[in-house]
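Commentary on secondary and tertiary structure
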Amino acid sequence: VRCLTDLCQDAILRDENFSSLDEGLRSLSVELKEDLLLILARRRLLQQKHIARLADENTTVLDLTCLYAVGDILTRVSELCVNLKRLILDNGASIRDEHMTSISRRLPHLKELSLQRCWYLNSPTIAFPSLESLDMFACDGLEDISKIFPNCPSLRTAILSFCKSIHDLTPLSQCPNIMSLDLCCIRQLTDDVLDRILSNLNQIRVLDISRCFSIGDAGLRSIVNRCPLITELDIAFLHRVTSEGIFQLENFFNLKTFLCIDLEISDVACQILSNLRELEVIKIEGSSSITNDGLESLLRLPYLRRLQLPRCRNISDEGILNFRKCQAPLTYLNLSGCSIGDASVDVLLQLPHLETLYISGCEHVIFNLNST
């Protein structure tokens, strides 16, 4: 298929059609045709006139990223590729609301739709009964989602990160099967709005509310009360969250990944986290409230694989000695900017499972090892 791709590329660059390759194209299986389409798309060589030649009712995956005037051919694509399961329309500067309306309900088998950085979508109708994943990352013009989520009853994953113009987020609550929700950097998200969204989303496993600066301890309380099944939580840059807010996570026994940046997480909060025995990944960056005692608590977690504590400057060589009795299978460790020296490096390099160690910015380390 790569050889045929190169031949197609040569034909495209010469502005020819694929007539000389017809025999080779006909011999390709459905899977290899899809691979050919995807490779041409990645090389940014795919043009509208080639889609009709390479795509048909057997095509299940189509990447139209950066295709010129892609909005104008979406109706034709939906008629041609009736069994599409995955459609990628990232960076579609020509895609407007009416284009999405024209293909809604036409693709009954569509499961994944990516519309990253489709800036001119404002109030689109997106209605696909089988859709399970919708990615609208950085759709800056998106204001109204009321004609999206009520029309996608099977949705499992929703990404709205950096969609900063949405007026009302509550239609999300009409997708009760959502398991992964990314609301990073949504300015309109407050504690009250979050509570209303989560009121009907008790199946969520993954939640990202990082950079939602209006969220505080009350928002965490809603998460704890509404979403007991969460395994991954990202609360980076939520400056209104206090250690008291972290205390509310004490019964989050399914939590496996916890991420926060620039929050003052205390040693007592670390002790609370150490009781969540399923935790495997922890990132607490830029907390001067964590001391060696907090580090000792975190190292009691039996399944901890990745630990990141950069810029936690009250962690010192004394605290690093706790790694000698650590039984966790640590493979990744980031202590950049902590107050440790060469003696600590010697201890850390003895960890049996360690694969990656970051200690940049540690002033007392003579040899600045960025990774080992």
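Residues numbered from 1 in each chain as written. Predicted model: local features only at pLDDT ≥ 70, side-chain atom pairs only at ≥ 80, totals over all residues. Heavy atoms only, no water.

The next subject is the overall build of the chain. Counting its regular elements, the chain contains 13 helices and 13 strands. For the chain, contacts bridging at least 24 residues in sequence account for 57% of all contacts bridging at least 6. (Helix = DSSP H or I, 4+ residues; strand = E, 2+ residues; numbered from the N terminus. Contact = heavy atoms within 4.5 Å.)

A separate point is the state of the cysteines. Using the criterion set out here, one finds zero disulfides in the structure. With no disulfide of its own, Cys312 lies closest to Cys338 among cysteine sulfurs, the gap being 5.6 Å. Residue Cys312 is classed as buried on the basis of its relative accessible area, which comes to 0%. (Disulfide = S-S within 2.5 Å. Buried < 20%, exposed > 50% of the residue type's maximum accessible area, 1.4 Å probe, protein only.)

Our next topic: the packing of helix H7 (residues 191-198) against helix H8 (residues 217-226). Contact geometry of H7 with H8 gives a least axis separation of 8 Å together with a crossing angle of 10 degrees. Here H7 is positioned roughly parallel relative to H8, judged by the angle of their axes. Contacts from Asp191, Leu194, Asp195 and Leu198 of H7 reach H8 at Ala218, Gly219, Ser222, Ile223 and Arg226. Taken together, the residues of the contact of H7 with H8 break down into four nonpolar, two polar and three charged. (Axes fitted to C-alpha atoms, helices over the stretch in contact; angles between N-to-C directions. Parallel < 35°, antiparallel > 145°, perpendicular 65-115°, else oblique. Nonpolar A, V, L, I, M, F, W, Y, C, P; charged D, E, K, R; others polar.)

This part covers the pairing of strand E9 (residues 257-261). Across the five residues that make up E9, a large majority, five, are buried. Where burial is concerned, the two faces of E9 agree: the one with Thr257, Leu259 and Ile261 and the one with Phe258 and Cys260 are both buried. In this sheet, E9 lies alongside strand E8 (residues 232-234) in parallel orientation, the contact comprising three bridges. Looking at the pairing, Glu232 lines up with Thr257 of E9. The pairing of E9 with strand E10 (residues 281-285) spans five bridges and is classified as parallel. Directly across from Phe258, in E10, lies its bridge partner Ile282. Crossover E9 to E10 through helix H10 (residues 267-274) is right-handed. (Pairing = 2+ DSSP bridges. Right-handed = clockwise from strand over helix to strand, strands pointing away.)

Here we take up the pattern of salt bridges. In total, this model carries ten salt bridges according to the counting rule given. Across the pair Asp192 and Arg196 runs a salt bridge whose closest N-O atoms are separated by 3.1 Å. Here the residue Asp192 and the residue Arg196 both occupy positions in helix H7, the gap between them amounting to four residues, near one helical turn. The partly exposed category is assigned to Asp192, whose relative accessible area is 47%. Taking the relative accessible area as the measure of exposure, Arg196 reaches 41% and is therefore partly exposed. Asp195 serves as the salt-bridge partner of Arg226, at 3.1 Å between the closest nitrogen and oxygen. On the criterion of sequence distance, the pair formed by Arg226 in helix H8 and Asp195 in helix H7 is long-range, its members being 31 residues apart. (Salt bridge = Lys/Arg side-chain N within 4 Å of Asp/Glu carboxyl O.)

So yeah, pure geometry; function would need other evidence.
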